[in-house]
Amino acid sequence: MSTPPAPSTADAPLRVMTWNVWWRFGDWRARREALLAVLAEHAPDVVGLQEVWADGQENLAHWLGERLGMHVAWSPSPSPQRWQRRLAFTGESAGAEELQFGNAVLSRHPLLEERVRRLPAGGHEDEGRTALQVLVDAPRRPLPFTTTHLNSSPAESAVRVEQVRELVAFVGERHRPREFYPPVLTGDFNAVAESDELRLAGGYLTAGPVPGLVLVDSWHYAEPGDSGLTWDRANPWVARVHQPSARIDHVLVGLPPFSGEGAVRTARRVATAPVDGVWASDHTAVLVDLNP
């Protein structure tokens with residue numbers, strides 16, 4: 001049986017990724033090297049990062065972008081105090097009150113546009129949650145790509161539902177099927193696929209916030225039998241929290257046109273094991289290949 005020819009560059013997938021990089025907890029210097037190694041190995045075209053740290057001298061997203069040769073968009077939280085208090089409480093980093101916390105996008109292609117939307121707090125403590133959206137100058141047409149990080153408490157589903165309403169409306173503002181690729185929404189939703197939050201975001205199990213906009217969970221295209229756990233007790237940093245394993249990091253993709261441009265090919269987890277003995281983050285990443 002002959003071996004089929006390798007796909008041409010024109011057929012190469014558009015690779016997108018989401019990853020919560022665990023701010024500056026633990027041995028962050030060793031962890032950033034592990035983060036870099038994973039990103040270099042899997043070479044995403046566009047990656048959404050959450051819990052990205054920055055101080056007066058350095059920004060993790062820019063540090064990674066410089067080493068990977070990628071364009072960078074960065075969006076600091078307008079209210080990082082909760083995270084600063086948490087880091088100071090652990091005693092794992094001096095000068096926590098000076099650290100910023102936010103979302104970032106790294107892209108191999110130039111960025112045509114960057115926008116940020118603040119998400120509602122739902123009457124709870126304002127955690128400064130935002131969504132960062134870029135328009136990627138992909139080879140065939142622009143790709144609207146959004147990344148976010150929603151409230152984390154298991155008890156705050158109602159807050160996350162409010163955040164999703166604003167989030168999907170934000171995505172919908174760049175939903176232009178004749179001009180752009182189907183939109184990609186990534187992030188740490190702190191919610192499982194069966195939750196009200198994800199059902200609302202998808203717009204096909206229940207009425208979505210934007211009429212006509214459907215965002216498909218890319219994990220439907222993963223290999224059967226893969227649990228998809230991105231918050232996994234196999235990671236010792238997760239095990240110490242005493243919460244169940246869950247799939248809470250998601251890549252949602254708009255419905256493709258009949259041509260199939262932007263359709264999901266495959267989805268899988270990466271960063272599921274230590275790199276030279278170092279866990280890069282307390283989350284695994286989700287890597288998705290799209291049709292070009």
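Quick caveat, the model's predicted, so the values are computed rather than measured.

(A) Fine view of the overall build of the protein. Counting its secondary structure elements, the protein contains 6 helices and 12 strands. Taken against the 2.2 N^0.38 rule, which gives 19 Å for 292 residues, the C-alpha radius of gyration of the protein at 18 Å falls within 12% of a compact globule. In terms of overall dimensions, the protein has a C-alpha envelope of 55 × 45 × 40 Å along the principal axes. Across the 292 residues of the protein, 55% fall into the buried class. Expressed as a percentage of contacts within the protein between residues at least 6 apart in sequence, the contacts between residues at least 24 apart total 74%. Here the protein displays about 12,700 Å² of accessible surface, and carbon together with sulfur accounts for 51% of that area. Averaged over its 28 positive side-chain charges, the protein has a centre that lies 2 Å from the centre of its 36 negative ones.

(B) Quick peek at the packing of helix α1 (residues 28-42) against helix α2 (residues 60-68). Across the interface, α1 lies against α2 with an axial gap of 11 Å and an inter-helix angle of 45°. Judged by the inter-axis angle, α1 sits oblique to α2. For the pair α1 and α2, the crossing hand works out as right-handed. Residues Arg32, Glu33, Leu35, Leu36, Leu39 and Ala40 of α1 form the contact with α2, whose participating residues are Leu60, Trp63, Leu64, Arg67 and Leu68. When grouped by side-chain class, the residues that make up the contact of α1 with α2 number 8 nonpolar, no polar and 3 charged.

(C) Fine view of the environment of His175. For His175, the location among the structural elements is in the loop between α4 (157-172) and β8 (184-188). Judged by its relative accessible area of 27%, His175 falls in the partly exposed class. As a C-alpha pair, His175 and Gly254 span 79 residues in sequence and 8.5 Å in three-dimensional space. Apart from the residues lying within four places of it in its own chain, the contact partners of His175 are Pro183, Gly212 and Leu213.

Thresholds applied
- Sequence order as written defines the numbering, with residues in each chain counted from 1.
- Only residues with pLDDT of at least 70 are given local features in this predicted model, and only at 80 or more are side-chain atom pairs given and counted; all residues enter the totals for whole chains, interfaces and linings.
- Side-chain numbers come from the whole structure's heavy atoms, not from hydrogens or water.
- Working definition: helices are DSSP H or I runs of at least four residues, strands are E runs of at least two. Numbering for both runs from the N terminus.
- Values of the radius of gyration come from C-alpha atoms, whereas the globule rule sets the reference at 2.2 Å times the count of residues to the power 0.38.
- Relative accessibility decides the category of a residue: with a 1.4 Å probe and only protein chains considered, values under 20% of the type maximum give buried, values over 50% give exposed, and everything between is partly exposed.
- Residues are treated as being in contact if the distance between any of their heavy atoms lies within 4.5 Å.
- Surface exposure here means Shrake-Rupley accessible area, sampled with a 1.4 Å probe, where a residue is shielded only by the protein chains that are shown.
- Neither His nor the chain ends contribute to the count of charged residues, in which Lys and Arg are positive and Asp and Glu negative.
- Lys charges are placed at NZ, Arg charges at CZ, Asp charges at CG and Glu charges at CD.
- As a rule, the C-alpha atoms of each element are fitted with a line to give its axis, helices using only the stretch in contact, and angles between N-to-C directions run from 0 to 180 degrees.
- Geometric relationships in this document are graded by angle, where less than 35 degrees denotes roughly parallel, more than 145 denotes roughly antiparallel, 65 to 115 denotes roughly perpendicular, and other angles denote oblique.
- A crossing counts as left-handed when the near helix is turned anticlockwise from the far one by less than a right angle, and as right-handed when that turn is clockwise.
- Put simply, Ala, Val, Leu, Ile, Met, Phe, Trp, Tyr, Cys and Pro go in the nonpolar bin, Asp, Glu, Lys and Arg in the charged bin, and everything else, Gly too, in the polar bin.

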